[in-house]
Amino acid sequence: MIESYNPKHIEKKAQAYWKQEETFKVETEKESLRKDNYYCLSMFPYTSGNIHMGHVRNYTIGDVKSRLKKMQGFNVLQPMGWDSFGLPAENAAIKDKSHPALWTNKNIESMKKEFQEMGFAYDWSRELATCDEDYYKWQQWLFIEMRKRGLVYKKDAIVNWDPVDQTVLANEQVIDGRGWRSNALVEQKNIAQWFCKITAYADELDKDLESLTKWPDAVKTMQKNWIGKSKGTNVHFEIKGRSETLSVFTTRADTLFGATFMAIAIDHPVAADLAKENKDIESFIKECQKQSTAEADIQTAEKKGIMTDLVAINPVNNEEVPIWIANYILMSYGTGAIMAVPAEDKRDREFAEKHDLKIVEVYSDEEKPVLINSGKYNGLEQKKALQAIVQDLVDSKNGESITTYRLRDWGISRQRYWGVPIPIVNCAECGAVSEKEENLPIRLPKDIQYEYGKPLLKECKEFYETTCPKCGKAAHRETDTFDTFFDSSWYYHYYISQGKDGITSKKNDQWMGVDLYIGGIEHAILHLLYARFIQKVLYDMELTEVKEPFTQLLSQGMVLKNGAKMSKSKGNVISPKTLIEKYGADTIRLFIIFAAPPTQDLDWSDGAVEGCYRFLKKVWTFVQENIEILQSSNEDAMIQEIDQTTKDHIIAINQTLVTINRDTENIHLNTVASGAMKLFQVISKIQCTENFGSVLKYAVSILLRVLNPIAPHMTHELWQEGKFGEDIAKAKWAVADESILNLDRQVTVVMQINGKKKGTVTAQTNASEDDIIQAIKGNEQTNAHMNKIKPIKKTIFVKNKLINFVV
């Protein structure tokens, strides 16, 4: 028996037990009912080397919920893996003068050890790393299948190019015009890229957001805005002196009379043609190619432009409108051209004022504005004006009503070494040919000398030089690798199937969609949108009957210190390893859960951590002081012959359980922690009575079970020490006992005859006179007196106290 609280010893012992007994291993291949399964998943981490408090919070929330659901009788799946490919590993390899594979594997080993020290209840038999060949084989297979269905293609595209990291960057990875890691000025380059045709699912992705009733509204709104469904009009402007037209998409065709200039993107085909003949335009385009294409940056950037010699003809009034090339128009949105209405659009106004362009007001400044300066449409309110102008554009064949999406196809190729090879062979005769399925996986060569900046895959003959799967002639492999967002877009399936029946199997549907998916709000758009897209592709391939991957989403708050997010640059990082050494993992887990609801930011407090440690120490000491009583007692006799004070304590314990269980379903896990503290306060007040041992065993059993998901190590040890059972992780979750709760809802009513007490009956609080009489007749002792009563002259009834029969 361990008398003093020694977290290090206790936690190692519990972890060894779970490993030996395979406590958290789950069989997913057996036929089971979906309602009996619970899939709890936290977004897997990048292999950065050490876990930080953000990791600890994310994974503790998931672990508490998983353990709790297991005690509630669910078959719980909680796996863990590693997002192990990507640019950071290459950058670290340069710094450490090592190889990305060595750096990655070393970090996986380090992080796994720290996760295990935190006591997370993972089924480690399902561990995956995206750099494992067994994993990415199925990603390559998926790519090939999607290509067969026209959902993957290659085309030239303007991309953000980091000249230092030598790779394409997503718009979100460009900050103030610089690469997010290298800080180098990003360039705009036109290079061949592989794309997934996510736009084919734009309407479905938008519509099905309505079915995600357990997602935060903020995340759904962000996705809806990113998809950007818009109903509007394609308006065709004739270019004077040219055969082609300039088409623009607008939701405000009613403002056409206010269009005082046209603006096209720097990579619009018309701009490209003009650049061949005009050096000033060519220079302007090159200058603009250095700026960020991230929308937030474009919104705030200086509005630059160059006027061309071209003019467009406005189809509603035949007026000539000058065509400009502007830095705030993107080819990737709409048609890459706009009709600029400075009177109605802030960015157009900024541009017009800077370049001294005309501004024409199109609406009167009245309470109910109507069109002005708009010919025959003057005087119409906005809705009627829009309908009339659009109808005339359609009738004159100068426009058509269409629905468009802001969403653009997903670029999935990256020009770097450390990633999944794209399974394409480039043949001089056959073009780009998909690799044969029997040749998968196409392995990334790891035994090459890593050297930054070199086209490693191209220089590796064993990889690069191959034969065409179609004609058999000499050919070359694709040297681009997949973006890591593609790696993480389907991993939740592999945890279940582990590639045994392909990328997924129908048995996966026994677990899908994920019951609870936990991760930061920063993944609200890209990762979550891509995973939703891939799930729908798998559905259409008839590999699953589930259309959405994640049933419930929890975006946890950040961990702050003194109001600022923890980061190395701010010097306010708290090391989980140091805290575990000092307080033990259970203390850190308790603080993380207790300090704030999961969805809110958590402000770090050294004092609160110390307080959580003291609480656990008190619980440990209390149980140890009563260990012999607990070991020799049976809680079944608990409620017999106990005094009113003890009864009140037992009622209070069950009332606290009601609150705890109500809030666990809403994932207000902080209520579980505070509820455990309230339980302990009550338990510590229980006095020694005739049935003290039974009462104490009952109460401590509840406390340990409530506390177990949060502080699993200590409660595991105390459960065994107190002879409650072998494994508390498999114990039944504590719920309120209705019969005990009803004790608080009952009163004792005295029966009198002519003012003399003849007995008592128990009844519900506020019971009526008729209810009390029925209770008297149902009681053998009081009914005997009732039968002797002569005709009753009068009945005096005092609610909740007495009933007096006057005879």
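Scroll up for the structure.
What counts as what
Residues numbered from 1 in each chain as written. Predicted model: local features only at pLDDT ≥ 70, side-chain atom pairs only at ≥ 80, totals over all residues. Heavy atoms only, no water. Pairing = 2+ DSSP bridges. Helix = DSSP H or I, 4+ residues; strand = E, 2+ residues; numbered from the N terminus. Salt bridge = Lys/Arg side-chain N within 4 Å of Asp/Glu carboxyl O. Buried < 20%, exposed > 50% of the residue type's maximum accessible area, 1.4 Å probe, protein only. Core = buried A, V, L, I, M, F, W, Y, C linked by side-chain atoms within 4.5 Å. Contact = heavy atoms within 4.5 Å. Phe/Tyr/Trp six-rings, centres within 6.5 Å; stacked < 30°, edge-to-face > 60°. Lys NZ or Arg CZ within 6 Å of the ring centre and 35° of its normal.

### Overview of the sheet that holds strand β28 (residues 602-603)
At step 1: One open sheet accounts for three strands, arranged β27-β26-β28; its pairing is mixed. For this open sheet the edge positions go to β27 (564-565) and β28, each flanked by a neighbour on one side alone.

### Section: the pattern of salt bridges
Close approach of charged atoms allows side chains of opposite charge to pair.
At step 1: On inspection of all chains with the given rule, the structure shows 37 salt bridges.
At step 2: Between Asp273 and Lys276 there is a salt bridge, and its shortest N-O distance comes to 3.8 Å. Pair noted here: Asp273 and Lys276 are both in helix α8 (residues 269-277), with a separation of three residues, about one helical turn.
At step 3: On the basis of relative accessible area, Lys276 is assigned to the exposed category, the value being 70%.
At step 4: The partner of Glu282 in a salt bridge is Lys279, and the shortest N-O contact between them spans 3.7 Å. Pair noted here: Glu282 and Lys279 are both in helix α9 (residues 279-288), with a separation of three residues, about one helical turn.
At step 5: Look at the salt bridges and you will find they share partners, linking Asp208, Arg532, Lys536 and Glu548 into a network.

### A look at the nonpolar core
At step 1: Core analysis: the biggest nonpolar cluster contains 172 residues, and Tyr39, Met53, Phe143, Met146, Phe533 and Val706 have the highest contact counts within it.
At step 2: For this core, the leading source of residues is helix α24 (residues 692-707), giving eleven residues.
At step 3: Dropping the residues within four chain positions of it, Phe533 is found in contact with Met146, Cys196, Lys197, Ile198, Tyr201, Leu205 and Trp410.
At step 4: If you look at the next biggest cluster of nonpolar residues, it comprises 50 residues, including Ile285, Leu330, Ala340 and Tyr377.

### Quick look at the packing of aromatic side chains
At step 1: Within this structure, the stated rule accounts for 41 aromatic pairs.
At step 2: Their ring planes at 5 degrees and their centres at 3.8 Å tell us that Trp410 and Tyr530 sit as a pair that is stacked. Taken together, the positions of Trp410 in strand β17 (residues 410-411) and Tyr530 in helix α17 (residues 526-540) put the pair 120 residues apart, joining distant regions of the chain.
At step 3: Take Tyr530: its relative accessible area is 11%, and that puts it in the buried class.
At step 4: An aromatic cluster is defined as three or more aromatic residues linked by ring pairs; in this entry it consists of Phe143, Trp194, Tyr201, Trp410, Phe482, Phe485, Phe486, Tyr530 and Phe533.
At step 5: Note that Arg67 overlies the ring of Trp18, its terminal NZ or CZ placed 4.5 Å from the centroid.
At step 6: Its end group placed over the ring of Trp226, Arg406 keeps NZ or CZ at 4.8 Å from the ring centre.

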